[in-house]
Amino acid sequence: MSPESIPTLWRLARLDFDSVRNRPVLLYPEGAVLLNDTGKAILELVDGRRTVGEIAGILGERYQADVTADVSEYLSHLAERELIRDA
Amino acid sequence: MTPERPTTLLAELTHRCPLHCPYCSNPLEMIRAEGELATEDWKRVFTQARTLGVLQLGLSGGEPMIRKDLEELATHARGLGLYTTLVTSGLGLTRARAERLRDAGLEHIQVSIQDADPEVAESIAGVSSVKQKRAAVALVKELGFALSINVVLHRANLDRIGAIIDLAADMGADRIELANTQYYGWALENRASLMPTREQVAAAQATAEEATRRYKGRMQILFVLPDYFEQYPKPCYGGWGKLYIVVAPDGKALPCHGATQITTLSFDNVRDRSLEWIWQESQAFRAFRGDEWMREPCRSCPRKTVDFGGCRCQAFALTGAAENTDPVCILSPDRGMIDAAVAAPSDSLEYRYRVIAEPQRA
C-alpha cells in the first residue's frame, strides 16, 4: 500500500465490537482479528474513497505525529491477508 | 488450567441430507430426525456460545436447509452479533427461503460442489444435484450474500482442480476451499478408492499455487496439502479444546466433528449442561488440552507447540489410542501404515455411500 492507494475493506469482512473480550474485532468467513484501538481507528477511516495518505493525515492530526509509515504498514499487512483490497 | 475463550461454533443442525458423498464428515452412526435438538435448544446454545466468546458460527449438517427453523436460528445468531456461515449443498435453497435468510441478516453461504464434470459430480453425490446447485449459487449471488465454494478433493476429481477453480470463479465465488479428503469415518471406509497418487497431489498443488496468484484480489483460494502426503500432522483447530466447539444434532458437545469416534471419551450434552460448563469442566474437552496427556515422541518434541501432536481422532482411529502421536507424523512409530495406504490406492472407484441406517426392528 502506497500513500496513493485507496484501501477498501474486503466485501466479506465486517468491523464489530466484541463485548465479551471488550475489544474491536474484524470478522470475516472462518476468521476474526482482534484489533487494538489504533487498528480500529485506521479501519474506521477505510471507506473505499480515502487514500492511505489521507487516512494518515487525519490520524496524524489527531495524534500530533507523522503516522504515514505505520498506517501504510498496517494496511499492507491486512492486504497481504486479503482483508484489505486496493480499490 | 483455565482454557482460552473459544472463537468458533459449528452447529450440526441435522444429519439428514439428500446427498450421499462417500467422504462425509458426519459419523458412521448418525442421528435421526427425532433425536435432533429443538429450536429453543439451539437458540440457547448460540446465546451461551456468544457469552463464552464465540464470534464465528457455522450452520451445518447434514443439510441444514432441511431444518424448517433455519431462518429463525439465523435471525437469532445475527441478533447476537455472530458472523454466520450457512454450509449447504445448495439443495433446498429456494428463492423464498434464500430471501428470508437474507432478511434474517445471514452474511455468508458456502455451497459444496463435487466436481467440474457434472457426471462425476453426481456419481460422488449419489444423486442428481448439479442443476439445483447451479441454481442455488446463482440465487446466492443475486441476493448479495458472500459466496464460498467448497470442494472435497480425492482421486476421481483431483486432476480437474484447475477446471474446478475456474468454475468457482465463473460462479462469482469470493473464495474457494479446496479441502483434501481427511480420512475419518466415511472417508476412512472409502480410503482406498478416494486416495490420490503422489503425482496427482504434486500436480494439483502446482495448479492451485498458480491459480492463487492469478485470482489474487478477486477470489481467495485455500488449498492445504493432504496430511498423508506431508511429514508432520496438522494442528487440529489450534489444539484440542482451544478455539472450537461442535454441537452435534442430538446436542452432544464435541471438541471436533470427528470426536465421537473416540469411544474412550464421554460427551456432555447441551440439554443437560451449559456450554460454559462443558467448555471448562467436561472430561471430553479437558482430555487433550495442553500437553500433559502426551506420550513420546510428542512429549519431548519441540513441535508439540506447533501441531499439538496432530489429530486425536486420527490417532485413535488408526492406532487405537487417542494419546498416541498422530500416525501421519514421520516421528510416529506407526507412520508405516500411512505410507502403505498412500502406496496402495485401489484400482476401483467403488464407494460405500453415506446413508442413515434404518432403525433396528425388534
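Residues numbered from 1 in each chain as written. Chains lettered and ligands numbered in written order. Predicted model: local features only at pLDDT ≥ 70, side-chain atom pairs only at ≥ 80, totals over all residues.

**Side note on the overall build of chain A**
Defined as follows: Secondary structure elements follow DSSP: runs of H or I of four or more residues count as helices, runs of E of two or more count as strands, with numbering from the N terminus. Using C-alpha atoms as the atom set, the radius of gyration is obtained and then compared with a globule rule of 2.2 Å times the number of residues to the power 0.38. With C-beta atoms placed from the backbone, a residue is labelled by how many other C-beta atoms lie within 10 Å of its own: buried for 20 or more, exposed for 12 or fewer, partly exposed between the two. Residues are defined as contacting one another if the C-beta atoms placed from their backbone atoms lie within 7 Å.
Scanning chain A from N- to C-terminus turns up three helices and five strands. In chain A, the succession of helices and strands from N to C terminus is β-β-β-β-α-α-α-β. A globule of 87 residues ought to have a C-alpha radius of gyration of about 12 Å, and chain A, at 12 Å, matches this closely. Each of the three principal axes of chain A carries a C-alpha extent, and together these read 35 × 25 × 20 Å. Here chain A, with 87 residues, has 30% of them falling under the buried criterion. For chain A, contacts bridging at least 24 residues in sequence account for 49% of all contacts bridging at least 6.

**Concerning the nonpolar core**
Buried together is how nonpolar side chains tend to be arranged in soluble globular proteins. In plain terms, the rule: Think of a nonpolar core as buried Ala, Val, Leu, Ile, Met, Phe, Trp, Tyr and Cys residues chained together by C-beta atoms that fall within 7 Å.
The biggest cluster of nonpolar side chains holds 125 residues, and the ones touching the most others in it are L26(A), L59(B), V140(B), I176(B), I245(B), V247(B) and L275(B). Setting aside anything within four residues of it in sequence, one finds L275(B) in contact with V45(B), Q48(B), A49(B), L52(B), I245(B), A253(B) and V270(B).

**Some points on the interface of chain A and chain B**
Threshold: In this classification, Asp, Glu, Lys and Arg are treated as charged, Ala, Val, Leu, Ile, Met, Phe, Trp, Tyr, Cys and Pro as nonpolar, and every other residue, Gly included, as polar.
Taken together, the contact between chain A and chain B spans 14 residues of the former and 16 residues of the latter. For the side of chain A that touches chain B, the secondary structure elements donating two or more residues are β2 (14-18) and β3 (23-28) of chain A. Of the residues forming the side of chain A that touches chain B, the biggest block, three residues, is contributed by β2(A). Its residues placed into classes, the side of chain A that touches chain B shows six nonpolar, no polar and eight charged.

**Description of the packing of helix α1 (residues 37-45) of chain A against helix α2 (residues 52-63) of chain A**
Two quantities define a packed helix pair, namely the angle between the helix axes and the distance between the axes. Residues and elements named next belong to chain A. Note the following rule: Angles shown run from 0 to 180 degrees and are taken between the N-to-C directions of axes, each axis being a line fitted to C-alpha atoms and, for helices, limited to the stretch in contact. Orientation categories follow fixed angle ranges, with anything under 35 degrees roughly parallel, anything over 145 roughly antiparallel, 65 to 115 roughly perpendicular, and all other angles oblique. By definition, turning the near helix anticlockwise from the far helix through less than a right angle yields a left-handed crossing, and turning it clockwise yields a right-handed one.
For the pair α1 and α2, interaxial distance at closest approach is 10 Å and the crossing angle is 130°. Taken together, the axes of α1 and α2 are oblique relative to one another. Judged by the sense of rotation from one axis to the other, the crossing of α1 with α2 is right-handed. Residue-level contacts link A41, I42 and L45 of α1 to I55, I58 and L59 of α2. Class assignment for the residues of the contact of α1 with α2 results in six nonpolar, no polar and no charged.

**Things to note about the confidence of the model for chain B**
Low-pLDDT stretches of the model should not have their predicted coordinates read in fine detail. Convention followed: The pLDDT value tells you how sure the predictor is about a given residue, anywhere from 0 up to 100.
Of all residues in chain B, 98% have pLDDT values of 70 or greater, and the mean over the chain is 94. Per the prediction output, this complex has pTM 0.95; the corresponding ipTM is 0.90.

**Remarks on the environment of N190(B)**
Residues and elements named next belong to chain B. Its location among the elements puts N190 in the loop between α7 (185-189) and α8 (191-194). Considered as a pair, N190 and P22 are 168 residues apart in the sequence and their alpha carbons are 6.7 Å apart. Apart from the residues within four sequence positions on either side, N190 is in contact with P22, Y23, Y351 and R352.

**Some remarks on the sheet that holds β3(A)**
Residue and element names in this part refer to chain A. Cut-off, in case you're wondering: Paired strands, as defined in this entry, are two strands with at least two bridges between them according to DSSP.
Sheet architecture is open: three strands sit in the order β2-β3-β4, paired in antiparallel fashion. Every interior strand has two partners, whereas the edge strands, β2 and β4 (31-34), have only one. The average angle at which neighbouring strand axes cross in this sheet is 30°, direction not considered. Note that β3 and β4 share four bridges and pair antiparallel. Its bridge partner being in β4, L27 is matched across the sheet by A32.

**As for the sheet that holds strand β3 (residues 83-88) of chain B**
All names here are of chain B. Strand order in the open sheet made by the nine strands is β7-β6-β5-β4-β3-β2-β1-β8-β9, with mixed pairing throughout. Lying at the two open borders of the sheet, with one neighbouring strand each, are β7 (220-223) and β9 (253-254). Of the strand pairs in this sheet, strand β5 (residues 146-153) and strand β6 (residues 175-180) are connected by six bridges, and their pairing is parallel. Residue pairing for β6: N150 is matched across the bridge by E177. Where helix α2 (residues 70-79) meets the sheet, its contacts fall on β2 (56-60) and β3, and the angle it forms with β2 comes to roughly 175°.

**What to know about unusual backbone geometry**
A cis amide bond, omega 5°, links G61(B) with the succeeding residue G62(B). Mapping G62(B) onto the fold places it in the loop between β2 and α2. Following E296(B), the chain continues into P297(B) via a peptide bond in cis, with omega recorded as 5°. One non-glycine residue, E30(A), lies in the positive phi region at around 65°. Within the element layout of this structure, E30(A) appears in the loop between β3 and β4.

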